[in-house]
Amino acid sequence: MAGNKHKMEFVPMSKIMKTTTFRDLRCSDWVATEKIHGASFQFFTNDGINIHMASRRRVLDGEKSFQKCDLVEFHSRYHGHVNRLFSLIGEDSRWTVYTDRSRRSCDADDDRDNDGGNLIGEGAKCCELKIIGKVIDGNNGIVDYVTTDHRLGTDVISSEHDISTNETHDDIELRVYGELYGGGGVHENVSSALQKEIIYSDEFRFYVFAISINRKWLNVTELNDLCKQAGFPYYATPVCEPKATVKELVCWLTESGFMTSKSRFTDKDGDANTRHKKTGTQLESTGDKRKEAD
C-alpha cells in the first residue's frame, strides 16, 4: 500500500468542553474505560510504513527522546502494531465507511463547535449517533452510517484543518491517539517516571484511547477490535457492562469502589501510588461519545 503519498498533516490534540450536550441526551449504553495518567502521544501514517510520532502539540520526528523516553526504541517497538493496524483497515471491507471519503463527512466540523450550543451546523439535516453497531438518526430513525461524533471531557482531538479536496477514497490517513506512560517507580528510581501520582511500569508504554481514520472517529467497540487484531498490548477497554445513562454509570463507578481501586495497568505491588484518583475513568458510549467522570 505504499506509494507516492501526499504529505500527511499533523493534527494536534486539545481539550474539549465537559458540558452535557444535545447528543449526549440521545446516547445509550455507556461504559467506562480507565484513564491513564501520563502524557498525550500519537502515531500517524498514510502508508503504514512511514510512521510519525507526536506529542500533544508537535511532531517528534528526528528527536531522540521525549519526557526521558527513548523515542528510537519506542518507535521500533510500536511500528509493527501501527503497520498491522493500517493493513487491517485497508484490507477489510468493514472499514470502508471510514476509508471511503465520499460516504461520510469529516468529524472535524463537529470538534470545532465548543460553545455548548446546538452541535448541528447550518444546513445539516439531522444528528446521527452510533449505538452498538446501529445508528440512530435524531430525525429519521436508523440509518446506515455515522456522519458526526463528539467527545467530551478528556484529551481528545480537535481537527483544526480541512481535508484537501484532491484526496480520493483510496487515501487512508490513520491517527492513533493515546497516552505515553510509565518510565520508573516499580524497581527503577521513581524520578525517571513520567508521572509520580500513579506508578505503572519501569518501561515506557503506549495506551491507545482513540483512533481516527480520515478524521472520522472509531467507537470504543471498533477500537477494541482493531487494537486486539493489531496486537497493541494496552488500549481502552470497558471496565463494566454497558449502562443506560451516564448517571447510572457514575453510580456504579462510585458504589463498586472502582474509582479508588488499584489500576489495572500497574506492575507495582501494594497500594501506594497505584490507586485511581478522581480522574481515574473516562465515560463513553459504546457508540461514539466520551465524558470524563467527575
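The structure displayed is predicted, hence computed values, not measured ones. Residue positions are given per chain, counted from 1 along the sequence in the order it is written. Under the rules for a predicted model, residues below a pLDDT of 70 receive no local features and side-chain atom pairs below 80 are neither given nor counted, while totals for whole chains, interfaces and linings still include all residues. Excluded from the side-chain calculation are hydrogens and water; included are all heavy atoms of the structure.

Engineer: So what exactly am I meant to see when it comes to helix 4 (residues 220–230) here?
Structural biologist: Working note: α-helix, 3.6 residues per turn, so residues spaced by three or four point in the same direction. Among all positions of helix 4, only Val220, Glu222, Leu223, Asn224, Leu226, Cys227 and Ala230 are buried. A distance of 3.0 Å separates the backbone nitrogen of Thr221 from a side-chain oxygen at the start of helix 4, and that oxygen is part of Asn219. Only DSSP runs of H or I covering at least 4 residues are called helices, and only runs of E covering at least 2 are called strands; the numbering of each starts at the N terminus. Two residues or fewer past helix 4, Gly231 is found with a positive phi of approximately 85°. Under the scheme applied here, a residue whose accessible area is under 20% of the maximum for its type counts as buried, over 50% as exposed, and between as partly exposed, the area being computed with a 1.4 Å probe on protein chains only. Polar contact is the term for a pair of N or O atoms within 3.5 Å; when the atoms are in protein, one must be able to donate a hydrogen and the other to accept it, and sequence-neighboring residues count only if both atoms are side-chain atoms.

Engineer: I tried to follow helix 1 (residues 71–91) on my own but got confused; where do I start?
Structural biologist: The end-to-end C-alpha distance of helix 1, which contains 21 residues, comes to 29 Å, matching closely the 30 Å that a straight helix rising 1.5 Å per residue would cover. Note on bend: the value at a residue is the angle between axes fitted to the seven residues ending there and to the seven starting there. Remark: the principal bend of helix 1, roughly 40°, maps to Tyr78. Regarding helix 1, the residues found buried are Leu71, Phe74, Tyr78, His81, Val82, Leu85, Phe86, Ser87, Leu88 and Ile89. For helix 1, the N-terminal capping position is held by Asp70, with its side-chain oxygen 3.1 Å away from the main-chain nitrogen of Val72. In a helix, the anticipated span is given by 1.5 Å times the number of residues less one.

Engineer: Sorry if this is basic, but what is going on with the nonpolar core here?
Structural biologist: Burial of nonpolar side chains together is a common tendency in soluble globular proteins. Grouped together as the largest cluster of nonpolar side chains are 49 residues, with contacts concentrated most on Phe41, Phe43, Ile211 and Phe232. Secondary-structure elements contributing two or more residues to this core are strand 3 (39–45), helix 1, helix 2 (96–99), strand 11 (174–182), strand 12 (204–213) and helix 4. Contacts are residue-level and defined by heavy atoms, with any inter-residue pair within 4.5 Å sufficient. Those residues in contact with Phe43, other than ones at most four positions away along the chain, are Ile51, His52, Met53, Phe74, Tyr78, Val82, Leu174, Arg175, Val176 and Phe206. We call a set of buried Ala, Val, Leu, Ile, Met, Phe, Trp, Tyr and Cys residues a nonpolar core when their side-chain atoms join them within 4.5 Å. In terms of nonpolar packing, the next biggest core, distinct from the first, is built from 8 residues, Trp30, Ala32, Val239 and Leu253 among them.

Functional significance is not addressed by these values, which are geometric in nature.
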